[in-house]
Amino acid sequence: RNDLYYGEFTAKNSAVFISYHPETPNIEKLEKSSVDIGLITMAEMDTATSLGLKTAQYQNVLWVMEMNDVYSYDLRRALYLTFDRSNYAGDLGIGYNVAYSFFPNSVTNEQLDYVGIEEYDISEAKGLYNTALSHYSGNRLPSTKLYYYNEPDMVRPISDLVGHWQKQLGAYINTKPFDSMSELDLAFNTGECAIMVYPITITDRDPSVLAYQLGYDFSKTSVKSLPEVQKSILSDKKLMPIAFENTVAAYSEDIIDFNFEIGNGLIDFAYVTKK
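What you see is a predicted model; the values in this text were computed from it and never measured.

Draft legend 1. Geometry of the overall build of the chain. The number of helices and strands found in the chain is nine helices and nine strands. Each principal axis of the C-alpha atoms in the chain carries an extent, and together these give about 70 × 45 × 30 Å. For the chain, the residues scored as buried account for 44% of the 275 residues in total. Considering only contacts within the chain whose residues lie at least 6 apart along the sequence, 75% involve residues at least 24 apart.

Set out below in structure tokens:
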């Protein structure tokens, strides 16, 4: 119980105990009743149901691809014009959806799909790619590395993207997974790799917070319209939305009034009680 709580109602639960034991999967803890609530993967939902657990899910993770200045604007644009979502859509795991914008419906009521995203154009991409390469030594890519945050469900979609670049443009790009976001950021910021793919957890229903996570600060511009914001983020061809991922929570049937907060996928314990 929090002695500093001054809400308008008396909290129903007397205490919430948070545990962290990564060596044991949460689904095992739930099965043994070691915990009442746990985050699980989409692939474990059937197991959770068979165990008599309840589940709830929320779309609150955005996967993005980012390119740095190691690649010129024309080179980045060439790769973006060869960015074919249908090429990897079928390999996205359960609980993943292709992202056609940065902002999911959970944080905005506006329709932003395709806003600011150029259409697939392999002919123009090839011309841009060959011209861009002519400015680099040996007419070759200055870096051939794409690093990504290690999530098994994203390995095949990323492989699809890289394979499509190789097939259509002759761009041979090597991939490497990282278990640490800090190490991934370091490799990207030092230019060790030119491209990285990583998840962003959406933590607030206010779209300006997600925009800030994407490097766009509402307070420093007069542009507040989300369509214009998305166009601005996409304009330099450095960031591209790839997929949305659901966060899944499984919980005991003894738990009452469990819910994800609308807009950010976080658990609201204010009303949660246990039989």
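Draft legend 2. The arrangement of the packing of helix 3 (residues 73–81) against helix 5 (residues 122–133) in detail. Between helix 3 and helix 5, whose axes approach to 8 Å, the crossing angle comes to 155°. By the angle class used here, helix 3 and helix 5 are roughly antiparallel. Once helix 3 is placed against helix 5, the crossing between them reads as left-handed. Contacts between helix 3 and helix 5 involve D74, L75, R77, A78 and L81 on the former and, on the latter, I122, E124, A125, L128, Y129 and A132. Across the contact of helix 3 with helix 5, the residue classes break down as eight nonpolar, no polar and three charged.

Draft legend 3. Local environment of helix 6 (residues 152–169). With 18 residues, helix 6 should cover 26 Å at 1.5 Å per step; its first-to-last C-alpha distance of 26 Å lies within 8% of that length. Restricting attention to buried positions, one finds in helix 6 the residues M154, P157, I158, D160, L161, V162, H164, W165 and L169. Positive backbone phi, at 80°, marks G170, one or two positions downstream of helix 6.

Draft legend 4. Broad picture of the pattern of salt bridges. Tallying each qualifying case throughout the model produces eight salt bridges. The partner of D69 in a salt bridge is K238, with the nearest N and O atoms 2.8 Å apart. Separated by 169 residues along the polypeptide, D69 in the loop between strand 2 (54–67) and helix 3 and K238 in the loop between helix 9 (226–235) and strand 7 (239–251) bring together distant segments of the chain. Owing to a relative accessible area of 22%, K238 belongs among the partly exposed residues under this scheme. K231 is paired through a salt bridge with E228; the nearest N and O atoms lie 3.6 Å apart.

Draft legend 5. Broad picture of the packing of aromatic side chains. Per the stated rule, a full pass over the model turns up six aromatic pairs. Judged by centre distance (6.1 Å) and plane angle (75°), the ring pair of F83 and Y88 falls under edge-to-face. The pair formed by F83 and Y88 is uniform in burial state, with each residue classed as buried. Ring centres 4.8 Å apart and planes at 35° place the aromatic pair Y100 and Y114 in the tilted group. On the criterion of sequence distance, the pair formed by Y100 in the loop between strand 3 (96–98) and helix 5 and Y114 in the loop between strand 3 and helix 5 is long-range, its members being 14 residues apart. By relative accessible area, Y100 is classed as partly exposed at 26%. Relative accessible area serves as the criterion here: at 52%, Y114 is assigned to the exposed category. A connected cluster of aromatic rings, assembled from ring pairs, spans Y80, F83 and Y88.

What counts and how
- Residues numbered from 1 in each chain as written.
- Predicted model: local features only at pLDDT ≥ 70, side-chain atom pairs only at ≥ 80, totals over all residues.
- Heavy atoms only, no water.
- Helix = DSSP H or I, 4+ residues; strand = E, 2+ residues; numbered from the N terminus.
- Buried < 20%, exposed > 50% of the residue type's maximum accessible area, 1.4 Å probe, protein only.
- Contact = heavy atoms within 4.5 Å.
- Axes fitted to C-alpha atoms, helices over the stretch in contact; angles between N-to-C directions.
- Parallel < 35°, antiparallel > 145°, perpendicular 65-115°, else oblique.
- Left-handed = near helix turned anticlockwise from the far one by under 90°.
- Nonpolar A, V, L, I, M, F, W, Y, C, P; charged D, E, K, R; others polar.
- Expected span 1.5 Å × (residues − 1).
- Salt bridge = Lys/Arg side-chain N within 4 Å of Asp/Glu carboxyl O.
- Phe/Tyr/Trp six-rings, centres within 6.5 Å; stacked < 30°, edge-to-face > 60°.

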